[in-house]
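# A look at the structure
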Amino acid sequence: MRLGLFGGTFNPIHLGHLRAAVEVREAFKLDRLLLIPSAYPPHKRAGHVADAEDRLEMVRLAIQGETSLEVSDVELARPGLSYTIETLRHFKDRFGPESDIHFIVGDDAFSEITTWKSYQELFSAAHFIVMTRPGSTLRGLEDFIHTQISADYQYDPASRRYTHPEWHNISCLDITHLDISSTKIRECVKQGRPIRFLVPDSVESLIAKKGLYR
Ligand code: ATP
Ligand code: MG
């Protein structure tokens, strides 16, 4: 089974995340794609992050009726900070060694991966799909992979994939990058400006109903 895992703070989830998920799922022919909100993101300042339960609920609402996307609460079910390496181990145990796990990440988040717990081990646990913006230069990424992850990764331009003799692949995919961020949405809400068409209507309603990000 080809499984896609898309982790994030989703504070809140927005159409940039959702469109990206749909495009990755199609391009990599994933059988399942799980959105995984982090409970306690190690790199985000507390106080700026809505309750995990609310963020989970917003993801749930956002994908309602969209059968190709699912939500997972594994990181909420686990105590302590949310480390991706533990999430990858969880899904490997759950789906068995034959499952083909792909972790999905934007190039901005990928460029900070050396700060993640046991970051080199991530690449022996799962394939990575790095979502790039059309036209973004790959040179920087290639240098980054070779200096920070492993010099043994070899790039194949035809498939836009880095392969490694022992570890999993790192693939690049140009996606429709909508210039939307959760930061921008939180700022809009705080300033009383509309967030319509940046997030699904159901998410907009929940933010209003619960008074999030004011
Ligand atoms: P914040 O502004 O709070 O950092 P964010 O919009 O970047 O929020 P995150 O939850 O931090 O959202 O991101 C989760 C994942 O989604 C990351 O891998 C990030 O690169 C990716 N991502 C964020 N925004 C977009 C977007 N507009 N299009 C595609 N991918 C995105
Ligand atoms: Mg971010």
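Attention in this report is confined to the structure presented alongside it. (Residues numbered from 1 in each chain as written. Chains lettered and ligands numbered in written order. Predicted model: local features only at pLDDT ≥ 70, side-chain atom pairs only at ≥ 80, totals over all residues. Heavy atoms only, no water.)

## Let's talk about the pattern of salt bridges
- Throughout the structure, instances matching the rule amount to eleven salt bridges.
- Taking the shortest distance from any N to any O, the salt bridge between Glu23 and Arg19 comes out at 2.6 Å. Of this pair, Glu23 and Arg19 both sit in helix 1 (residues 15-27), four residues apart, which is roughly one turn of that helix.
- Judged by its relative accessible area of 13%, Glu23 falls in the buried class.
- Between Arg60 and Glu57 there is a salt bridge, with the nearest N and O atoms lying 3.5 Å from each other. Of this pair, Arg60 and Glu57 both sit in helix 2 (residues 52-62), three residues apart, which is roughly one turn of the helix.
- On the basis of relative accessible area, Arg60 is assigned to the partly exposed category, the value being 38%.
- A relative accessible area of 29% means that Glu57 is categorised as partly exposed.
- A single network of salt bridges, built from pairs that share partners, joins Arg78, Glu86 and Lys117. (Salt bridge = Lys/Arg side-chain N within 4 Å of Asp/Glu carboxyl O. Helix = DSSP H or I, 4+ residues; strand = E, 2+ residues; numbered from the N terminus. Buried < 20%, exposed > 50% of the residue type's maximum accessible area, 1.4 Å probe, protein only.)

## Quick notes on the site of ligand 1
- Close to ligand 1 lie 23 residues; Gly106, Asp108, Leu178, Ser182 and Thr183 are nearest.
- Leu178 places a main-chain nitrogen or oxygen 2.8 Å from a nitrogen atom of ligand 1.
- Here ligand 1 occupies the largest pocket.
- Among the elements of the structure, strand 1 (2-8), helix 1, strand 4 (100-106), helix 5 (107-110) and helix 8 (182-190) are those that each provide at least two residues to the shell around ligand 1. (Near = heavy atom within 4 Å. Polar contact = N/O pair within 3.5 Å; in protein donor to acceptor, adjacent residues only side chain to side chain. 1 Å grid on protein atoms, 1.4 Å probe; cavity = no way out; pocket = protein on both sides within 12 Å on 5 of 7 lines; lining within 4 Å. Sits in = over half its atoms within 2 Å of the grid points.)

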